[in-house]
Amino acid sequence: MASTDFSAEIKSLRSTYASIEEVSDVPRIRADIAMLSEEAGVPDLWDNPAAAQVVTSKLSHRQSELERLTSIQTRIDDLEVLVELAEMEGDADAMQEAETELKSVRKALDNLEVVTLLSGEFDAREAVVTIRAGAGGVDAADFAEMLMRMYMRWAEKHGYPTRVMDTSYAEEAGLKSATFEINAPYAFGTLSVEAGTHRLVRISPFDNQGRRQTSFAAVEVIPLIEQNDSIEIPENEIRVDVYRSSGPGGQSVNTTDSAVRMTHIPTGIVVSMQNEKSQIQNRAAALRVLQSRLLLVKKAEQDAQKKQMAGDVKASWGDQMRSYVLNPYQMVKDLRTEHEVGNTSAVFDGELDDFIDAGIRWRAAQRRPQS
């Protein structure tokens, strides 16, 4: 087996890093950090907590971006030193350590390269994910719950905070729908490639004859609204209905009418919230999600000629994008990128990075001007 040409590999790493650094515009990131640090240092900043939260959140995000870039450069430098020392001393263990670190740095660079493809207007935002059961009866409701757990596990693996905003349980098992936030930089840009129709094929655990069942669930991903987004909704365009929150199996978990269903009359968009403690909190959460959806509608209308947004965030039955087959064989396959994995259990346990990376690269390729 030929030994690794570390000189060539490190040269390749440095070349890739230089390209990423240029696209990322490091001087601009440093300038933003300086400006935001100055804003964060204003004595009366927290007189307006909402505005202060925006400033400190943006500062944290930009500092994380810079740290992600500089840490990779440091690792490449350290790898080069490690290889030089190992070669000088003929240390086989150190060479093996260098092999391992080389693979790890290459993987980190690949991930960083994917982040540079997230250049859409809202890509840096946090995300609101809604999952709805589709055709397939109780199997579809169970599938919707499986998908929710999958995304929650993915977020947990990355250390991303989540907040469940609404859960509508099906009568027998699973979920009719669920809405939750993923609070991390670039969560929207990253997860927006997951939007669409997901299909599950398996032996139904709810069929006493053990027949194979195909069921569907729709995933919608929208960017979280920010304080400076100018989306004003006239009160006469909103209808608000209140009802009693319920838990699994239709059992009441609240003795007051605290759950809120908000309908935007002109577009027909409906948002439901029931996981907050009071009607006022549910109403505020519903309004924020409604504003986020209308923000995308507005952007999609503005960019209709370029068709930049519509394909990314709408989860209609016509845009089936991934199949999860558990019988007669085990396979999860993305129908756009052709990426597939045989370990279905790992995927449902949140191992989604390779699918997401492939989706982001596929989307970037679709957006490039055709020659």
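Residues numbered from 1 in each chain as written. Predicted model: local features only at pLDDT ≥ 70, side-chain atom pairs only at ≥ 80, totals over all residues. Heavy atoms only, no water.

1. What to know about helix α5 (residues 137–158)
- For α5, which comprises 22 residues, the first-to-last C-alpha distance of 32 Å matches the rise-based estimate of 32 Å (1.5 Å per residue) to within 8%.
- Downstream of α5 by one or two residues, glycine 159 has phi in the positive range, about 75°. (Helix = DSSP H or I, 4+ residues; strand = E, 2+ residues; numbered from the N terminus. Expected span 1.5 Å × (residues − 1).)

2. Considerations on the sheet that holds strand β8 (residues 269–273)
- Within the open sheet, the three strands sit side by side as β6-β7-β8. Their pairing is antiparallel. Single-partner strands in this sheet number two, and they are β6 (238–243) and β8. For this sheet the average axis-to-axis angle between neighbouring strands, irrespective of direction, equals 15°.
- Strand direction decides the pairing type here: strand β7 (residues 259–264) and β8, joined by five bridges, are antiparallel. Residue pairing for β8: threonine 263 is matched across the bridge by valine 270. (Pairing = 2+ DSSP bridges. Axes fitted to C-alpha atoms, helices over the stretch in contact; angles between N-to-C directions.)

3. Looking at the packing of helix α3 (residues 49–89) against helix α4 (residues 92–116)
- Here α3 crosses α4 at 160°, and the two axes come no closer than 10 Å. Taken together, α3 and α4 sit at an angle that is classed as roughly antiparallel. The element α3 and its partner α4 pack so that their crossing is left-handed. For the pair formed by α3 and α4, the contact residues are Arg68, Leu69, Ile72, Arg75, Ile76, Leu79, Leu82, Val83, Ala86 and Glu87 on the first element and Ala94, Met95, Glu97, Ala98, Glu101, Leu102, Ser104, Val105, Ala108, Leu109, Leu112 and Val115 on the second. (Parallel < 35°, antiparallel > 145°, perpendicular 65-115°, else oblique. Left-handed = near helix turned anticlockwise from the far one by under 90°. Contact = heavy atoms within 4.5 Å.)

4. So, the packing of aromatic side chains
- Overall, the coordinates contain three aromatic pairs when judged by the stated rule.
- A ring pair is formed by phenylalanine 143 and tyrosine 324, whose centres lie 5.5 Å apart and whose planes are at 70°; its orientation type is edge-to-face. Of this pair, phenylalanine 143 sits in helix α5 while tyrosine 324 sits in strand β9 (residues 320–325), and the two are 181 residues apart along the sequence. Take phenylalanine 143 and tyrosine 324: they sit in the same class, and that class is buried.
- With 5.5 Å between their ring centres and 70° between their planes, tryptophan 154 and tyrosine 160 make a pair best called edge-to-face.
- A connected cluster of aromatic rings, assembled from ring pairs, spans Phe143, Tyr324 and Phe348.
- Looking at arginine 261, its charged tip hangs above the ring of tyrosine 243, at a distance of 4.5 Å from the centre.
- Over the ring of tryptophan 362 we find arginine 336, and its NZ or CZ is 5.3 Å from the ring centre. (Phe/Tyr/Trp six-rings, centres within 6.5 Å; stacked < 30°, edge-to-face > 60°. Buried < 20%, exposed > 50% of the residue type's maximum accessible area, 1.4 Å probe, protein only. Lys NZ or Arg CZ within 6 Å of the ring centre and 35° of its normal.)

5. Digging into the pattern of salt bridges
- This model, assessed by the stated rule, comprises 26 salt bridges.
- A salt bridge links aspartate 77 to arginine 14; the shortest N-O distance between them is 2.8 Å. Remark: arginine 14 occurs in helix α1 (residues 6–24) and aspartate 77 occurs in helix α3; sequence separation between them is 63 residues.
- On the basis of relative accessibility, which here comes to 34%, the residue aspartate 77 falls in the partly exposed class.
- A relative accessible area of 32% means that arginine 14 is categorised as partly exposed.
- Residue aspartate 32 is joined to arginine 28 by a salt bridge in which the shortest nitrogen-to-oxygen separation is 3.2 Å. Placement of both aspartate 32 and arginine 28 in helix α2 (residues 26–40) is noted, with a separation of four residues, approximately one turn of the helix.
- For aspartate 32, a relative accessible area of 12% puts it in the buried group.
- Salt bridges sharing partners connect three or more residues here, namely Arg149, Arg153, Glu156, Lys157, Asp349 and Glu351. (Salt bridge = Lys/Arg side-chain N within 4 Å of Asp/Glu carboxyl O.)

6. Here we look at the pairing of β9
- With five of its six residues buried, β9 lies for the most part within the structure.
- Where strand β4 (residues 196–203) meets β9, five bridges bridge the pair, whose relative direction is parallel. Note on β9: the bridge partner recorded for histidine 198 is arginine 322.
- Here β9 runs beside strand β10 (residues 331–334); their pairing, made up of four bridges, is antiparallel. Counted as the bridge partner of tyrosine 324 is valine 332 from β10.

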